[in-house]
Amino acid sequence: MCAALWSPAASAADVAPEQLQFAAQEHDLGYRAYVAKSFDDAATHFENAFFAAANPAELRSAIRARREGGQLARAATLAAIGQRRYPGETALIKLADETIAEARPRVFEVHATSTLECNVAVDDKVVTTEKLRDFRFFVDPGKHDLVFGWTEGRTKHVAIDAKAGATQAVTLEPPPIPVKPRPVEPPPPVAATSRPLGPVVFLVGAGLTAAGVGVTVWSGLDAQKNPGTAAVRTDCVGQGTSCPQYQQGLSAQLRTNILLAATGGVAALTAVTGLFLTQWSHVERPRTGLQLEPAFGLNTVVLKGAF
């Protein structure tokens, strides 16, 4: 019986070897279930085998199993597929005609036409894996939700209230292809926060501060020694503030005070520059126009440029 049902036609071209192997396994499972009179399981396995590797003998087995299980709407749908796909298969056409004639008084026929190829599912169950423009199928009496599907994810729902022995024609126009939203461009990268001055400015300020401290210390020591307190007391007795040594000491003291104030100002400015205005880490900046920056070497100070 297996050999009769599984004919060499199943090994048609364009069917992958793994599909043939799967179909053979499903056919064997279907045969075992059929012998055990588990017609629903048998029909499911036979349909799996047919849709994996189309074969008129396999379709006949599926139709018989659905009829034996009392599933006349599905049996008639499979029979309609056989009439459309295998008009020259005498045995299959005979079985298909008998099945539809038996089922017609108790099922509802839907004849669907579409301007583009589509498939259909009835109550979330796929009718066939094919995409067609003109096909018919059968459903049991009652309310059903038909979902027709086209390419580009387009679908259309059709609700029907099926009556036994009746027929309904459904003419379909696919929905327009949805406009794909333009890809959202990522926002431009936020540049790392940078400060306007490089470390060189801070280093120059620190150098000037150190030099100012040195000069201020020298000036203070010089003011104490030239001419010195003892010399002023000795040489300026009776001369008052007009004494040259006194004026010399006063000038040295004023010079020291000016240097001290200037050095303190440079030190404060350098500290502010280092804390708030100096970019210590490297930040990649786009080069626009001429870029100039100082460079220091042994006994040299130059400007480097880049475009």
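Residues numbered from 1 in each chain as written. Predicted model: local features only at pLDDT ≥ 70, side-chain atom pairs only at ≥ 80, totals over all residues. Heavy atoms only, no water.

(A) Highlighting the overall build of the protein. Summing up its helical and strand segments, the protein has eight helices and eight strands in all. When burial is assessed residue by residue, the protein has 33% of its 307 residues classed as buried. Restricting the contact set of the protein to residue pairs at least 6 apart, pairs at least 24 apart contribute 57%. Summed over its atoms, the accessible surface of the protein is roughly 19,000 Å², and 61% of this surface lies on carbon and sulfur atoms. (Helix = DSSP H or I, 4+ residues; strand = E, 2+ residues; numbered from the N terminus. Buried < 20%, exposed > 50% of the residue type's maximum accessible area, 1.4 Å probe, protein only. Contact = heavy atoms within 4.5 Å. Areas by Shrake-Rupley, 256 points an atom, 1.4 Å probe, with all protein chains shown as cover.)

(B) Structural context of the nonpolar core. Counting residues in hydrophobic clusters, the biggest one holds 24 residues, and the most contacted among them are Leu59, Ile63, Leu78, Val107 and Phe138. Secondary-structure elements contributing two or more residues to this core are helix H3 (39-52), helix H4 (56-68), helix H5 (72-85) and helix H6 (90-103). Take this core: its biggest share by element is seven residues, from H5. Contacts of Val107, omitting those with residues within four sequence positions, involve Leu72, Ala73, Phe138, Val139, Asp140, Lys163, Ala164, Gly165 and Ala166. Grouped together as the second largest cluster of nonpolar side chains are 19 residues, Val110, Val127, Phe137 and Trp150 included. (Core = buried A, V, L, I, M, F, W, Y, C linked by side-chain atoms within 4.5 Å.)

(C) Broad picture of the confidence of the model for the protein. In the predicted model, the protein carries a mean pLDDT of 83, and the fraction of residues at 70 or more is 85%. By mean pLDDT, helix H1 (residues 2-5) is the weakest element of the protein at 39, and H6 is the strongest at 97. Long-range and interchain partners of residues 1-12, a stretch whose pLDDT sits below 50, account for 25 contacts in this model, where long-range means more than four residues apart. (pLDDT = per-residue confidence, 0-100.)

(D) Representation of the pairing of strand E1 (residues 108-122) within the structure. As paired strands, E1 and strand E3 (residues 132-139) are joined by seven bridges and run antiparallel to one another. Note that in E3 the partner of Val110 across the bridge is Phe137. Bridge count for E1 against strand E6 (residues 167-172) is six bridges, and the pairing is parallel. Paired with Val110 across the bridge in E6 is Gln168. Two strands pair when backbone bridges link them, and E1 and strand E2 (residues 125-126) are joined in this way by two bridges, in the antiparallel orientation. Residue Val122 lies in a different strand from E2, and its bridge partner there is Lys125. (Pairing = 2+ DSSP bridges.)

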